[in-house]
Amino acid sequence: MPFIRDFSTDILIIGCGAAGMAAAVAAADSGAEVIVADDRPVPGGILPQCVHSGFGLGRYGQELTGPEYSEREFRRFRASSAVYFPGCRVLSLSPDRTAMVSSSDGLKSIRFRECILAAGCRERSIWSLPVSGTRPEGVYTAGEAQEMTELGGYDIGSRVFILGSGDIGQIMARRFVQLGKTVVGMAEQRGELGGMKRNQEECIRAFSIPVILNSTVSAIHGYPRLTGVTLHHLDSGSDELIECDTLISALGLEPDRELAESLRNESGYSAWLHFCGNADFVHEIADSASAQGEKTGKIAAESALNSRNGGL
Ligand SMILES: Cc1cc2nc3c(=O)[nH]c(=O)nc-3n(C[C@H](O)[C@H](O)[C@H](O)COP(=O)(O)OP(=O)(O)OC[C@H]3O[C@@H](n4cnc5c(N)ncnc54)[C@H](O)[C@@H]3O)c2cc1C
């Protein structure tokens, strides 16, 4: 049996992104003990990889980049009494209000009164679609491509095709052009572009990204490296071979609630479990995730402080 270190707290927050940090500050300022566990080594969730500007207009009245927004939020977080456990992945949540956590210095068990799930969202991958052909290198989700490019400094390819017109795909299309790559095209199965109007203007139109509406990728070619994709035109039924060495999917995001699934019953989730940020619903704007985090932090703190007399 491995050695497990025990902790207890009023509120456990899972995720130290925009939502988790704001929830932690609000809960700690309300008088609750707070632990925030995040599996990444640095705070901010997806913010550090969003190097473009467009964050913070609502919250700070000025346009910040993702890393700048994250830094401001983290400063507030550091000034609070909340305790931060970086590099700690929550493996499970039990009905007896205990979390099992893995970290580089071993396993931790954290007992809590209330838990806030601020674990962000997941990207739908291309492998969830009926796509035939090979499974080569050079196929990434837009978020993976963004992380590898902006945080890892990797050069992931030179002729890029993008499937799906979600916001991250549009932002990455612009980024690839800025990096001197060729964006061969962006396929969208619907008859209009997805994403925010602002990204359509600033990323697609301003950078002349070729958009092919009513189309999808039906086959992938090349091995070990991608050499092209078959583009299927949904209106005419015709197929076209597109040569590319990189395929990026931007097929949408969905809340990551995996940890909560085992706690769900016919009447919903346990009352001690709260959701905020992209784990609740996908927020287009970080300010909105932070605002919801604040509200959730206050609500959880009120419940935790009310239950203190009864003990854990
Ligand atoms: C590419 C992109 C561009 C964007 N551009 C803008 C923009 O221009 N302007 C704007 O305002 N907003 C923008 N947004 C939206 C905004 O950034 C997000 O909505 C917001 O940052 C989400 O915050 P979050 O805290 O909910 O999730 P996240 O930032 O995803 O944080 C969740 C954290 O939880 C951690 N985690 C997950 N599971 C576990 C576990 N089991 N144990 C421990 N930790 C775990 C994750 O690793 C992560 O660190 C953009 C989003 C993306 C993806």
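Whatever comes next refers back to the structure up there.
Fair warning: this is a prediction, and the values are worked out from it, not measured in the lab. (Residues numbered from 1 in each chain as written. Predicted model: local features only at pLDDT ≥ 70, side-chain atom pairs only at ≥ 80, totals over all residues. Heavy atoms only, no water.)

Caption draft 1: Highlighting the overall build of the protein chain. Summing up its helical and strand segments, the protein chain has seven helices and 20 strands in all. Once the C-alpha set of the protein chain is aligned to its principal axes, its extents read approximately 70 × 45 × 40 Å. Residue burial in the protein chain is summarised as follows: out of 312 residues, 49% are buried. Restricting to contacts in the protein chain with at least 6 residues of sequence separation, those with at least 24 account for 62%. If the 29 positive side-chain charges of the protein chain are averaged to one point and the 39 negative ones to another, these points end up 4 Å apart. (Helix = DSSP H or I, 4+ residues; strand = E, 2+ residues; numbered from the N terminus. Buried < 20%, exposed > 50% of the residue type's maximum accessible area, 1.4 Å probe, protein only. Contact = heavy atoms within 4.5 Å. Lys, Arg positive; Asp, Glu negative; His and termini not counted. Charge placed at Lys NZ, Arg CZ, Asp CG, Glu CD.)

Caption draft 2: Here's a closer look at the layout of surface pockets. Considering only enclosed or pocket space, the second largest pocket measures out at about 350 Å³ in volume. Around the second largest pocket sit 21 residues that line it, and Arg124, Gly164, Glu188, Gln189 and Leu251 are the ones nearest its centre. At the level of secondary structure, the elements contributing two or more residues to the lining of the second largest pocket comprise strand S13 (182-188) and strand S15 (215-221). The element contributing the most residues to the lining of the second largest pocket is S15, with four residues. Looking at side-chain class alone, the lining of the second largest pocket contains eight nonpolar, ten polar and three charged residues. (1 Å grid on protein atoms, 1.4 Å probe; cavity = no way out; pocket = protein on both sides within 12 Å on 5 of 7 lines; lining within 4 Å. Points joined across faces, edges and corners; volume = space filled by probe spheres on them. Nonpolar A, V, L, I, M, F, W, Y, C, P; charged D, E, K, R; others polar.)

Caption draft 3: Expanded view of the pattern of salt bridges. On inspection of all chains with the given rule, the structure shows 19 salt bridges. Between Asp10 and Arg308 there is a salt bridge; the shortest N-O distance is 2.5 Å. On the criterion of sequence distance, the pair formed by Asp10 in strand S1 (residues 4-14) and Arg308 in the segment after helix H7 (286-307) is long-range, its members being 298 residues apart. Arg308 gets classed as partly exposed once you look at its relative accessible area, which sits at 35%. With a shortest N-O distance of 3.5 Å, Arg122 and Asp256 are connected by a salt bridge. (Salt bridge = Lys/Arg side-chain N within 4 Å of Asp/Glu carboxyl O.)

Caption draft 4: Spotlight on the sheet that holds S13. What the five strands build is an open sheet, ordered S11-S18-S12-S13-S14; its pairing is parallel. The open sheet has two edge strands, strand S11 (139-141) and strand S14 (211-213), and neither has a second partner. When strand polarity is set aside, the average angle formed by the axes of neighbouring strands in this sheet is 20°. Sheet topology note: the strand S12 (residues 159-163)/strand S18 (residues 246-249) ladder contains four bridges and is parallel. Within S18, the position partnered with Val160 by the bridge is Thr246. The strands that helix H5 (residues 167-178) touches are S12, S13 and S18; relative to S13, the one it contacts most, it runs at about 165°. (Pairing = 2+ DSSP bridges. Axes fitted to C-alpha atoms, helices over the stretch in contact; angles between N-to-C directions.)

Caption draft 5: Highlighting unusual backbone geometry. The peptide bond linking Tyr223 to Pro224 adopts the cis configuration, its omega dihedral lying at 5°. Among the secondary structure elements, Pro224 is positioned in the loop between S15 and strand S16 (228-233). Notably, Arg97 is not glycine yet its phi reads approximately 65°, a positive angle. When you line up the elements, Arg97 lands in the loop between strand S6 (89-94) and strand S7 (98-103). Not every positive phi belongs to a glycine, and Asn214 is a case in point at roughly 50°. Structurally, the position occupied by Asn214 is in the loop between S14 and S15. Classification of Asn214 as partly exposed rests on a relative accessible area of 27%.

Caption draft 6: Representation of the packing of aromatic side chains. Counting across every chain of the model gives eight aromatic pairs. Seen from their ring centres, Phe77 and Tyr84 are 5.8 Å apart, and the 90° between their planes marks the pair as edge-to-face. Using a relative accessible area of 1% as the deciding quantity, one classes Phe77 as buried. Connected via pairs of aromatic rings, a cluster forms that spans Phe55, Tyr60 and Tyr69. When the ring centre of Tyr60 is taken as origin, the NZ or CZ atom of Arg72, which lies over that ring, is 5.1 Å away. Its end group placed over the ring of Phe85, Lys108 keeps NZ or CZ at 5.5 Å from the ring centre. (Phe/Tyr/Trp six-rings, centres within 6.5 Å; stacked < 30°, edge-to-face > 60°. Lys NZ or Arg CZ within 6 Å of the ring centre and 35° of its normal.)

Caption draft 7: The sheet that holds S16, seen in detail. With mixed pairing, the four strands of this open sheet are ordered in space as S10-S15-S16-S17. Of all strands in the sheet, those bounded by a partner on one side alone are strand S10 (132-133) and strand S17 (239-243). Examined bridge by bridge, S10 and S15 share two bridges and lie parallel to one another. Looking at S15, one finds that Gly133 is bridged to Ile220.

Caption draft 8: Here's a closer look at the environment of Glu261. Mapped onto the secondary structure, Glu261 falls in the loop between strand S19 (253-255) and strand S20 (273-275). When the C-alpha positions of Glu261 and Leu93 are compared, they lie 9.5 Å apart, and in sequence the two are 168 residues distant.

Caption draft 9: Examining the nonpolar core more closely. In terms of nonpolar packing, the biggest core is built from 31 residues, with Ile11, Ile13, Val34 and Phe77 touching the most fellow members. Among the elements that take part in this core, helix H1 (residues 18-29) stands out by supplying eight residues, more than any other. In this view, Phe77 contacts Cys16, Met21, Ala24, Val25, Val36, Ala82 and Tyr84; residues no more than four positions away in its chain are not counted. Membership of the second largest hydrophobic core comes to 21 residues, among which are Ile14, Cys88, Leu93 and Ala279. (Core = buried A, V, L, I, M, F, W, Y, C linked by side-chain atoms within 4.5 Å.)

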